[in-house]
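Listed below are the residues making up each chain.
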Amino acid sequence: MKRTIQAILVLILAAGGSAALGQSSNNDLAAAYALIKRVVPGHAQYFKVAFIPQQQGKDCFEVESRAGKIILRGSNGVSVASALNYYLKNFTHSDISWNGTNLNLPARLPLVAAKVHKVTPYTYRYDLNYCTFNYTMSWWDWKRWQQEIDWMALNGINMPLALTGQNIIWQRVYKSLGFTDADLATFFSGPAYFNWFWMGNLDGWGGPLPQSFMDSREVLQKQILKRERELGMTPILPAFTGHVPPAFKKRFPQARLRKTSWSGFPDVYILDPGDEMFSKIGEQFIKEEVKTFGTDHLYSADTFNENTPPTDDSLYLNDISKKVYQSMAAADPAATWVMQGWLFSNNPKFWQPRQIKALLNAVPDNRMIVLDLYSESKPVWNKTDAYYGKPWIWCMLHNFGGNISLY
């Protein structure tokens with residue numbers, strides 16, 4: 001294995017690098033205390049919070065008792081929440097899960113006889129994937145999102161995928177290029193199909209999308225990102241992979257477009273990476289996204305998700321990967337591309353070593369993180385010499401649309 005794994009992933013599909021994973025300051029104490037009040041409202045007064053430095057660059061937490069109080073120390077809000085979860089599980093035998101919560105806390109909380117000190121071996125603890133945002137989250141409001149973010153923090157997640165609200169960014173970018181509402185009406189899918197729309201598999205299915213929905217999701221995304229960041233998480237925002245509206249051919253008749261089809265749905269247009277518009281749109285999208293939502297310099301982009309590329313030519317695959325990354329870096333020089341490795345396990349016949357190398361080697365090793373998405377069942381890392389030098393995350397898909405396979 002070329003590179004030591006410093007990460008772990010839990011992917012939830014229904015029940016529920018180079019970026020600095022920052023430490024908290026005293027300004028984030030309020031966020032940590034607020035989480036405690038939400039999780040154990042009747043006992044929050046018995047906890048005290050303090051921040052401590054990371055240990056050799058890794059997050060850590062401590063739990064101990066002093067003067068009748070439970071002291072929770074951590075290197076950021078996520079670490080403090082993890083300390084709280086550790087205490088609840090191990091000292092009160094409580095459990096907080098997607099399927100139910102058991103918090104039978106005594107009036108007087110148990111004391112911690114000897115200080116507990118834990119250090120995570122993992123730099124990145126990633127959560128969610130595109131499908132989660134529809135199999136589960138299509139209609140979530142802020143109250144439900146707040147509950148999920150608290151659960152992520154309690155379980156040490158510091159690198160969540162954050163896709164909500166991106167449609168309004170696409171609307172602004174394409175309108176700036178001259179597209180009308182009528183042009184985009186056949187582009188945006190309905191809310192229940194966003195993941196397949198965002199991954200470039202379909203256009204317009206379940207649409208048209210009301211403006212009110214896009215506006216409300218912009219507000220919701222800002223709430224989500226604010227909470228995740230104040231707890232010390234580094235959310236991953238979406239980037240451009242070449243998927244363009246059906247009206248693109250009319251607006252830009254000279255553009256070099258390719259068609260792809262997925263599971264019997266009508267063809268979608270993919271802008272050729274060699275077209276000058278590719279980098280322009282990709283850069284403009286990141287700029288508009290950062291202007292609206294800020295950034296932690298992590299961007300998700302999945303080329304050819306469950307779609308066979310129009311050619312297996314390594315030069316083409318290298319070029320499209322290079323253009324995707326360059327469009328990120330042009331707008332954000334600190335950009336790191338986080339790529340789902342699902343395409344490699346989903347279509348292994350196409351993705352042979354030559355094709356995988358072409359796609360990956362176009363990006364500097366320290367600017368890409370690959371998610372080995374189905375690693376517990378169909379790992380790809382052991383067939384690709386650990387992704388040919390790219391940092392990668394061992395992933396688990398333990399829930400497919402509510403189908404939990406226990407075996």
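This text follows the structure it describes.
Residues numbered from 1 in each chain as written. Predicted model: local features only at pLDDT ≥ 70, side-chain atom pairs only at ≥ 80, totals over all residues. Heavy atoms only, no water.

J.: Hey, could you run me through the overall build of the protein chain in this one?
T.: If you tally the helices and strands in the protein chain, you get 14 helices and 17 strands. Taking 2.2 N^0.38 as the reference for a compact globule, 407 residues should give roughly 22 Å; the C-alpha atoms of the protein chain span a radius of gyration of 22 Å, in line with that estimate. For the protein chain, the computed accessible surface area is about 16,700 Å², with 51% contributed by carbon and sulfur atoms. Counting 41 positive and 34 negative side-chain charges, the protein chain places the centres of these two groups 4 Å from one another. (Helix = DSSP H or I, 4+ residues; strand = E, 2+ residues; numbered from the N terminus. Rg over C-alpha atoms; globule rule 2.2 N^0.38 Å. Areas by Shrake-Rupley, 256 points an atom, 1.4 Å probe, with all protein chains shown as cover. Lys, Arg positive; Asp, Glu negative; His and termini not counted. Charge placed at Lys NZ, Arg CZ, Asp CG, Glu CD.)

J.: I'm lost on the sheet that holds strand 11 (residues 243–244) in this one. Help?
T.: Two strands in a sheet stick together by hydrogen bonds in their backbones, pointing the same way (parallel) or opposite ways (antiparallel). One open sheet accounts for 3 strands, arranged 11-13-12; its pairing is antiparallel. With partners counted over all chains shown, the strands left at the sheet margins are strand 11 and strand 12 (257–260), one partner each. Of the strand pairs in this sheet, strand 11 and strand 13 (residues 268–271) are connected by 2 bridges, and their pairing is antiparallel. Bridged to His243 within strand 13 is Ile270. (Pairing = 2+ DSSP bridges.)

J.: What should I look at first to understand the pattern of salt bridges in this one?
T.: Side chains bearing opposite charge may pair, as long as their charged atoms lie close to each other. All chains considered together, the criterion is met by 21 salt bridges. In this structure, Glu230 and Arg227 form a salt bridge, with 2.8 Å as the shortest nitrogen-oxygen distance. With Glu230 and Arg227 both in helix 8 (residues 211–230) and 3 residues apart, the pair spans about one turn of that helix. Three or more residues are tied together by salt bridges with common partners; here these are Glu62, Glu64, Arg66, Arg73 and Lys115. (Salt bridge = Lys/Arg side-chain N within 4 Å of Asp/Glu carboxyl O.)

J.: Help me understand the packing of helix 10 (residues 276–293) against helix 11 (residues 314–331) in this model?
T.: To characterise two packed helices, one gives the angle between the axes of the helices and the distance between these axes. One way to put it is that helix 10 packs onto helix 11 with a least axis distance of 8 Å and a crossing angle of 40 degrees. One way to sum up the angle between helix 10 and helix 11 is to call them oblique. Seen from above, helix 10 lies across helix 11 with right-handed handedness. Contact with helix 10, carried on its side by Phe278, Ser279, Gly282, Glu283, Ile286 and Lys287, involves Ile320, Lys323, Val324, Ser327, Met328, Ala330 and Ala331 of helix 11 and no other residues of that element. A breakdown of the residues in the contact of helix 10 with helix 11 according to their chemical character gives 7 nonpolar, 3 polar and 3 charged. (Axes fitted to C-alpha atoms, helices over the stretch in contact; angles between N-to-C directions. Parallel < 35°, antiparallel > 145°, perpendicular 65-115°, else oblique. Left-handed = near helix turned anticlockwise from the far one by under 90°. Contact = heavy atoms within 4.5 Å. Nonpolar A, V, L, I, M, F, W, Y, C, P; charged D, E, K, R; others polar.)

J.: What is the right way to read helix 1 (residues 29–39) from this model?
T.: Because each turn of an α-helix spans 3.6 residues, side chains separated by three or four positions in sequence point in the same direction. Taken residue by residue, helix 1 has Ala31, Ala32, Leu35, Ile36 and Val39 as its buried positions. Seen end-on, helix 1 carries its buried residues on one side only, within an arc spanning 140 degrees. Facing away from the buried side of helix 1, by more than 90 degrees, are the exposed residues Ala30 and Lys37. Each element contacted by the buried residues of helix 1 is listed here: strand 2 (47–51), strand 4 (69–74), helix 2 (77–91), strand 5 (95–96), helix 4 (142–154) and helix 8. (Buried < 20%, exposed > 50% of the residue type's maximum accessible area, 1.4 Å probe, protein only. Arc of directions from axis to C-beta.)

J.: In this structure, what is going on with the sheet that holds strand 3 (residues 60–66)? I would like to understand it.
T.: Read across the open sheet, the 4 strands follow the order 2-4-3-7; overall the sheet is mixed. Either end of the sheet is taken by a strand with one partner, and the two such strands are strand 2 and strand 7 (116–119). On average, each strand axis in the sheet is tilted by 15 degrees relative to the strand beside it, whichever way the strands run. Alignment of strand 3 against strand 4, held across 6 bridges, turns out to be antiparallel. Across the sheet, residue Ser65 finds its bridge partner in strand 4, namely Ile70.

Read these as layout, nothing more, since geometry by itself doesn't imply function.
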